[in-house]
Amino acid sequence: MTVQVVVVGGGYAGVMAANRLAGRSAGALEVVLVNERPEFVERIRLHEHAAGGRGLPTVPFARLLHPAVRLEVGRAVRVDAGGRLRLADRELAFDHLVYAAGSTGRRGPGGAGEGAAERHDVATAESAARARERVAALPSGAAVLVRGAGHTGIELAAELRGRRPDLAVHLLARDGVGRALGTRGGEVVEARLRRLGVSVHREERALPPVVLTVRADGFVGASLAADSGLPVDDTGRLLVAGDLRVPGHPRLVGAGDGVRVTGPAGAHLRMGCAVALPLGAHAADVVLATVAGRPAERLDAGFALQCVSLGRGDGIIQVVRPDDTARAVRLRGRPAAAVKELVCRQTLRWLAGEARRPGSFRWPAGPRDLARR
Ligand SMILES: Cc1cc2nc3c(=O)[nH]c(=O)nc-3n(C[C@H](O)[C@H](O)[C@H](O)COP(=O)(O)OP(=O)(O)OC[C@H]3O[C@@H](n4cnc5c(N)ncnc54)[C@H](O)[C@@H]3O)c2cc1C
């Protein structure tokens, strides 16, 4: 009998997993991808959309998926770890399930400095589209706050200045700008943002009145894991072990933003498409090993670069160690913007490439001492 594998979530992790499963199993698996939208969303471009740039960045699944993957469009409402995935109007049976439901924006009250400002985020296609509408409706001179100065906040603030130079753009960077880029990288980015006209603030109480806030202060796991009573961390991410399995649930593995890899294999990993892609590929390998009766390997994934755009003509490419800490080497300006654009396009090539040449996607190894930890 054919083994049924259901992948929930058609983002970077889920599409990579589905393609590798379909391509490497030579017809021995039936692979179903469940996604709530009928097309793939390039989340890494949603800030461009919200700021008024490109249209909604979606790609037809037909361009990305292995032909043997069956797409089921619908919202999953519950994973029954015994082997059923419930959607609003139907159920799918599975022998193995890859949980790849991704992440969404944080909810909850804004900060004291925001007053009665409208709040939006750029974490999903829907929320970015709403933010875009509101930004477009703002009168010249209106003040906008971007809350959070990690990569997404930096890119969004720069993009807003580029698209709407008539707006006053404020960035709240309570913990500094671009901490993940290291001290020097963060200083370079802050100087460039200021040159673009972004006002950078360290303290909430120093903020001027704003009419609109766009949150970029982190993501939380998709709600499906918690709604299903599966083990999650305090941000709703499904807890998985170093082989991406959910302890106690042998049919479930997880990948992408929606999971937290516990133990040494995951200690240096952050949410990001740079992590979702290798996790998706590895999750597929774990399922394939299980079906074949082989032991599954522990994840070994690390980093090589951090790529941040600063509008369309500027950016920073930071070379990093496998554990994501910054090295001294970095590229700036137009060449950096060009590299970032190439990387964004490359993510789609990796996904489609895995459908044509299963097993072709490779990724940087984790910290060298990972094996000894
Ligand atoms: C504006 C922005 C810029 C970013 N820039 C970068 C960057 O430059 N570099 C980088 O590495 N990362 C970046 N990221 C982060 C990156 O987008 C995420 O890490 C990545 O999308 C995670 O991939 P994923 O497959 O885990 O989840 P997602 O891409 O979020 O995909 C999850 C999918 O599951 C679907 N889904 C969720 N719940 C259900 C359900 N119950 N039923 C059915 N379907 C469901 C969702 O609709 C979605 O299609 C950025 C994010 C944003 C928002």
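Residues numbered from 1 in each chain as written. Predicted model: local features only at pLDDT ≥ 70, side-chain atom pairs only at ≥ 80, totals over all residues. Heavy atoms only, no water.

Enquirer: Would you take a moment to explain the side chain of E159 for this structure?
Expert: Looking at where E159 falls in the secondary structure, it is placed in helix α4 (residues 151-163). Since its relative accessible area comes to 2%, E159 is described here as buried. In contact with E159, other than residues within four places in its own chain, are H47, E48, A51, S309, G311 and R312. (Helix = DSSP H or I, 4+ residues; strand = E, 2+ residues; numbered from the N terminus. Buried < 20%, exposed > 50% of the residue type's maximum accessible area, 1.4 Å probe, protein only. Contact = heavy atoms within 4.5 Å.)

Enquirer: So what exactly am I meant to see when it comes to the domain arrangement of the chain here?
Expert: The extent of an interface is frequently quoted as the accessible surface area lost upon association of the parts. Considered domain by domain, the chain is made up of domain 1 (3-36 + 74-105 + 219-298) and domain 2 (112-215). The distance between the C-alpha centroids of domain 1 and domain 2 comes to 33 Å. (Domains from an automatic or database assignment.)

Enquirer: Help me out: how do you make sense of the sheet that holds strand β8 (residues 91-93) in this one?
Expert: To summarise the sheet geometry, strands pair through backbone hydrogen bonds and adopt either a parallel or an antiparallel arrangement. Taken in spatial order, the 3 strands make up an open sheet running β6-β7-β8, and their pairing is antiparallel. Of all strands in the sheet, those bounded by a partner on one side alone are β6 (76-80) and β8. Neighbouring strand axes in the sheet, compared pairwise and without regard to direction, differ in orientation by 15 degrees on average. The pairing of strand β7 (residues 84-87) with β8 spans 3 bridges and is antiparallel. The residue bridging R86 from the neighbouring strand is E91, located in β8. (Pairing = 2+ DSSP bridges. Axes fitted to C-alpha atoms, helices over the stretch in contact; angles between N-to-C directions.)

Enquirer: Teacher, can you tell me more about the site of the ligand here?
Expert: The full set close to the ligand counts 28 residues, and N35, E36, D257, C273 and K340 are the nearest of them. In this structure, A13 approaches the ligand through a main-chain N or O atom, which is 2.8 Å from an oxygen atom. Within the complex, 92% of the 990 Å² of free accessible area of the ligand lies under protein. Breaking the shell around the ligand down by element, the ones donating at least two residues are α1 (12-24) and α7 (273-292). Per-element accounting of the shell around the ligand gives the leading share, 3 residues, to α7. Residue composition of the shell around the ligand, grouped by class: 12 nonpolar, 11 polar and 5 charged. (Near = heavy atom within 4 Å. Polar contact = N/O pair within 3.5 Å; in protein donor to acceptor, adjacent residues only side chain to side chain. Areas by Shrake-Rupley, 256 points an atom, 1.4 Å probe, with all protein chains shown as cover. Nonpolar A, V, L, I, M, F, W, Y, C, P; charged D, E, K, R; others polar.)

Enquirer: Hey, could you run me through α4 in this one?
Expert: Residues that lie three or four places apart on an α-helix share one face, since the helix turns once every 3.6 residues. Compared with the 18 Å implied by 1.5 Å per residue over 13 residues, the 18 Å span of α4 between its first and last C-alpha is a close match. Of all the positions in α4, only G153, I154, E155, L156, A157, A158, E159, L160 and R161 are classed as buried. (Expected span 1.5 Å × (residues − 1).)

Enquirer: Can you walk me through the environment of L172 in this structure?
Expert: As for its placement among the helices and strands, L172 is situated in strand β13 (residues 168-172). Taking the C-alpha atoms as reference points, L172 and A216, 44 residues apart in sequence, are found 9.7 Å from one another. Setting aside its immediate chain neighbours within four residues, L172 contacts L145, V146, R147, G148, A149, H201, R202, E203, E204 and L207.

Enquirer: Got a minute to help me understand the environment of D227 in this structure?
Expert: Among the secondary structure elements, D227 is positioned in helix α6 (residues 224-227). In this structure, the C-alpha to C-alpha distance between D227 and R78, residues 149 residues apart in sequence, is 6.5 Å. Apart from the residues within four sequence positions on either side, D227 is in contact with V77 and R78.

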